[in-house]
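# Structural characterization, general
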Amino acid sequence: MSSQRLPIEEHPDITELQGRYERIGLKPAVQMGAGMIVLTGLFVALSPWIVGFAPSTQLAVNNLVVGLTAVALALGFAASFRTTHGLSWVVPLLGVWTIVAPWVIYNADHSLRVILCNVIGGAVLFLSSMAVVGSGLMRRKNERT
């Protein structure tokens, strides 16, 4: 009795899993969430210059890095959700970090505009990313029942 082994890429479970994540990536909630993450990430990245707290160098660099990271991840979700879904949990953490960053970063500006910018930007980033994360989890939950 000889059994042929398929390469792992051709295993039926792998191809079904890839197809599932491709279908999830086409859902309007994921596409809208990814689009909002891109826009919010760009705002967070540029906010030191838009709102005018660029002289607060450490917070400005933090917002630039966090915002561009969120944009890169969202573009990955939009381009190929099946290969980037494993990183979708990072974006909500970036949103939470954006909210708390003005209080955590040493010598950050604590003016109302800085606080509002980071809290609102972080909250929108968190909520938008939860649409992406939630779509993957809901699909998985529905398949178990």
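The shown structure was predicted, so the numbers you read here are calculated from the model rather than taken from an experiment.

What counts and how
- Residues numbered from 1 in each chain as written.
- Predicted model: local features only at pLDDT ≥ 70, side-chain atom pairs only at ≥ 80, totals over all residues.
- Heavy atoms only, no water.
- Helix = DSSP H or I, 4+ residues; strand = E, 2+ residues; numbered from the N terminus.
- Buried < 20%, exposed > 50% of the residue type's maximum accessible area, 1.4 Å probe, protein only.
- Contact = heavy atoms within 4.5 Å.
- Areas by Shrake-Rupley, 256 points an atom, 1.4 Å probe, with all protein chains shown as cover.
- Core = buried A, V, L, I, M, F, W, Y, C linked by side-chain atoms within 4.5 Å.
- Domains from an automatic or database assignment.
- Axes fitted to C-alpha atoms, helices over the stretch in contact; angles between N-to-C directions.
- Parallel < 35°, antiparallel > 145°, perpendicular 65-115°, else oblique.
- Left-handed = near helix turned anticlockwise from the far one by under 90°.
- UniProt positions renumbered as here; feature names shortened; annotations may be inferred.
- Expected span 1.5 Å × (residues − 1).
- Polar contact = N/O pair within 3.5 Å; in protein donor to acceptor, adjacent residues only side chain to side chain.

## Structural notes on the overall build of the chain
Helix and strand content of the chain: six helices and zero strands. Secondary structure elements of the chain occur, N-terminal to C-terminal, as α-α-α-α-α-α. Taken over 145 residues, the chain has a buried fraction of 39%. Restricting the contact set of the chain to residue pairs at least 6 apart, pairs at least 24 apart contribute 68%. Total accessible area on the chain stands at roughly 8,600 Å², and carbon and sulfur atoms take up 68% of it.

## Side note on the nonpolar core
Counting 14 residues, the largest nonpolar core has Ile 37, Leu 73, Phe 77, Val 91, Leu 94 and Leu 125 as its most contacted members. Broken down by secondary-structure element, the contributors of at least two residues to this core are α2 (28-52), α3 (57-79), α5 (90-104) and α6 (112-144). No fewer than three residues from each of domain 1 (12-83) and domain 2 (87-144) sit in this core. Leave out the neighbours within four places in its chain, and Val 91 touches Ile 37, Leu 73, Phe 77, Leu 125 and Ser 129. Residues Phe 53, Leu 59, Val 114 and Cys 117 belong to the second largest nonpolar core, which totals seven residues.

## Things to note about the packing of α2 against α3
Following both chains from N to C, one finds α2 and α3 inclined at 165°, their axes separated by 7 Å at the closest point. By the criterion of interaxial angle, the relationship of α2 to α3 is roughly antiparallel. Of the two elements, α2 crosses α3, and the hand of that crossing is left-handed. Residues Ala 34, Ile 37, Val 38, Gly 41, Leu 42, Val 44, Ala 45, Ser 47, Pro 48 and Trp 49 of α2 lie in contact with α3, whose contacting residues are Ala 60, Asn 63, Leu 64, Gly 67, Leu 68, Ala 70, Val 71, Ala 74, Leu 75, Phe 77 and Ala 78.

## A short note on the UniProt feature "transmembrane region" (unreviewed entry) in the chain
Under the UniProt annotation, the feature "transmembrane region" (unreviewed entry) is placed at residues 33-54, 60-79, 86-106 and 112-137. Annotation note: span residues 60-79, helix share 100%, strand share 0%, distance between end C-alpha atoms 28 Å. As a span, residues 86-106 carries 71% helix and 0% strand, and end to end its C-alpha atoms are 32 Å apart.

## A word on α3
Relative to the 33 Å expected for 23 residues at 1.5 Å per residue, α3 spans 33 Å between its end C-alpha atoms, a close match to the ideal helical length. Among the residues of α3, Leu 59, Ala 60, Asn 62, Asn 63, Val 66, Gly 67, Ala 70, Val 71, Leu 73, Ala 74, Gly 76 and Phe 77 are the ones counted as buried.

## Quick look at the side chain of Ser 129
With respect to the helices and strands, the residue Ser 129 is situated in helix α6. At 3.0 Å, the side chain of Ser 129 forms a polar contact with the backbone oxygen of Leu 125.

## Let's talk about the environment of Asn 63
Within the element layout of this structure, Asn 63 appears in helix α3. For Asn 63, a relative accessible area of 1% corresponds to the buried category. Residues Asn 63 and Ala 45 lie 18 residues apart in sequence; the distance between their C-alpha atoms is 5.1 Å. In terms of polar contacts, Asn 63 uses its side chain to reach the side chain of Ser 47, at 3.2 Å.

## Here's the deal with unusual backbone geometry
Notably, Asn 107 is not glycine yet its phi reads approximately 60°, a positive angle. The residue Asn 107 is located in the loop between α5 and α6 in this model. Judged by its relative accessible area of 61%, Asn 107 is exposed.

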